[in-house]
Amino acid sequence: RQAACWLGLSLLLSVAGCTGDRSILDPAGPAARDVRLIWWVMLGFATIVLIGVTVVWLYAFKPRNVERTPAQERRIARRWIIGGGLVLPITSVTALLMFGVPAGQRMLPLPLGEPPEVIEVIGHQWWWEVRYPGAEGGEVVTANQLVMPAGEPVDFHVSGADVIHAFWVPRLGGKIDMLPGRVNKIRLEADEPAVFGAQCAELCGVGHAHMHLYVEAVPREAFDTWLAARQDAELSELATQDTTHDVAREAFATHCASCHQVAGVSQGGVGPNLSDVGSRTMLGAGVMAMEEGAVSQWLQQHQTLKPGNRMPAHDDIDTDTLDALGAWLETLTP
Ligand code: CUA
């Protein structure tokens, strides 16, 4: 009965893993459907192998009273080695490869009639830089949020800024390494507008588990609007129009500007671009939800919320100034 309980519990747990925004078993695009198909075929194949091995293993315990000469024993052993050790693995692995390689090929960005949207994603310790080089009116840059058009293929050009990271949106397709000094490409498509979870899938240091990416697929029109609102001129106006945040802007110039870029205000390129930070749903690459007062809280507690992150603690800045900074950054909402 105990065994049955454990079996039931593990089945329940595995079923619990079948949905959710990071489940490969709940695909939302063609590449992910290929991944799911391969997963099920592999599982079926592995089950057949498990049953086969168990049957042979049990057969070995069968008592028998046959006398065999050493030559006969050798012949039988050879049959098992050639059959079970060579022919079976070669044929089964070849069959799986013939099935899996074309699926992998379909995820490569081979030439299409109409060149798709290109989005560059660069992994940093421990955040995501996202660039839209093809945006009408000039390149758009953001961080820790990836907005893409739904219902059409998108080519992702990924790389790493410091160490190896991996780009993985489980409901859209397989993972791909982000290597410093090299650009890897993967073609993904979201069937419908939706929000997807994504996660760095390569151990990249102490903040690896806190390297989430918010991915949102939106209709093409909404995507174009989203991009247009993030043009440099629009963002510059956004950051400078409001004159009630002088304290914050002064503090920003002293403490933040050399690392962070805010269009129209600063050019820092070390940490995430903050030009549209107020419009993001998460802070700290998915560590906390964006809501009123969240930026100030993040500025005060970020080393507790995300231990080891590259931004120094702000013990030297008083709380009122951090509150002012947070309030200003939250207004950066295109
Ligand atoms: Cu970046 Cu793990």
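Owing to the predicted nature of the structure, the values given are computational and were not obtained by experimental measurement.

## Concerning the UniProt feature "domain: Cytochrome oxidase subunit II copper A binding" (unreviewed entry) in the protein chain
- Per the UniProt annotation, the sites labelled "domain: Cytochrome oxidase subunit II copper A binding" (unreviewed entry) are residues 114–229.
- Here residues 114–229 is 8% helix and 47% strand, with 25 Å between the C-alpha atoms at its ends.

## Quick notes on the environment of Phe 167
- By the element assignment, Phe 167 lies in strand E6 (residues 165–167).
- Through-space distance from the C-alpha of Phe 167 to that of Ala 3 is 39 Å; in sequence the pair is 164 residues apart.
- Those residues in contact with Phe 167, other than ones at most four positions away along the chain, are Val 121, Phe 156, Val 158, Lys 175, Ile 176 and Met 178.

## Structural notes on the pairing of strand E5 (residues 154–160)
- Every second residue of E5 is oriented toward a common face, the buried set being Val 154, Phe 156, Val 158 and Gly 160 and the non-buried set Asp 155, His 157 and Ser 159.
- Relative to E5, strand E1 (residues 117–124) runs parallel, the two being bridged by 7 bridges. In the sheet register, Glu 117 faces E5, and the bridge partner there is Val 154.
- Judged from the 5 bridges that link them, E5 and strand E8 (residues 184–188) form a sheet pairing that is antiparallel. Within the sheet, the bridge partner assigned to Asp 155 lies in E8 and is Arg 187.

## Things to note about the nonpolar core
- One finds Ile 119, Val 121, Leu 146, Phe 156 and Leu 172 to be the most contacted residues of the largest nonpolar core, which totals 44 residues.
- When residues no more than four places from it in sequence are discounted, the contact partners of Leu 146 are Ile 119, Val 121, Val 130, Leu 213, Tyr 214 and Val 215.
- Ala 239, Ala 263, Val 295 and Leu 322 belong to the second-largest nonpolar core, a separate cluster that totals 22 residues.

## Quick notes on helix H4 (residues 220–228)
- Those residues of H4 not exposed but buried are Phe 223, Trp 226 and Leu 227. Along the axis of H4, the buried positions cluster into a sector of 95°, meaning they face one direction only.
- The inward-facing, buried residues of H4 abut strand E2 (127–132), strand E3 (140–143), strand E4 (145–149) and strand E10 (212–218).

## A word on the UniProt feature "transmembrane region" (unreviewed entry) in the protein chain
- Those residues carrying the UniProt feature "transmembrane region" (unreviewed entry) are residues 37–60 and 80–101 in this numbering.
- Secondary structure across residues 80–101 divides into 100% helix and 0% strand, with the first and last C-alpha atoms of the span separated by 30 Å.

## What about the packing of helix H6 (residues 246–255) against helix H8 (residues 319–330)?
- The N-to-C vectors of H6 and H8 enclose an angle of 100°; their axes lie 8 Å apart at closest approach. Of the possible angle classes, the one that applies to H6 and H8 is roughly perpendicular. Note on element contacts: H8 touches H6 through Thr 321, Ala 324, Leu 325, Ala 327 and Trp 328, opposite Val 247, Ala 248, Arg 249, Ala 251 and Phe 252.
- Classifying every residue of the contact of H6 with H8 by side-chain character gives 8 nonpolar, 1 polar and 1 charged.

## Comments concerning the sheet that holds E4
- The strand order E4-E10-E9 describes an open sheet built from 3 strands, whose pairing is mixed. For this open sheet the edge positions go to E4 and strand E9 (194–199), each flanked by a neighbour on one side alone. Within the sheet, the average angular offset between the axes of one strand and its neighbour, ignoring direction, is 25°.
- Pairing geometry for E9 and E10, over 6 bridges, is antiparallel. Each residue of the ladder has a partner; that of Val 195, found in E10, is Glu 216.
- Here H4 sits on the sheet in contact with E4 and E10, set at roughly 135° to E4.

How each quantity is defined
Residues numbered from 1 in each chain as written. Predicted model: local features only at pLDDT ≥ 70, side-chain atom pairs only at ≥ 80, totals over all residues. UniProt positions renumbered as here; feature names shortened; annotations may be inferred. Helix = DSSP H or I, 4+ residues; strand = E, 2+ residues; numbered from the N terminus. Contact = placed C-beta atoms within 7 Å. Buried ≥ 20, exposed ≤ 12 C-beta atoms within 10 Å, placed from the backbone. Pairing = 2+ DSSP bridges. Core = buried A, V, L, I, M, F, W, Y, C linked by C-beta atoms within 7 Å. Arc of directions from axis to C-beta. Axes fitted to C-alpha atoms, helices over the stretch in contact; angles between N-to-C directions. Parallel < 35°, antiparallel > 145°, perpendicular 65-115°, else oblique. Nonpolar A, V, L, I, M, F, W, Y, C, P; charged D, E, K, R; others polar.

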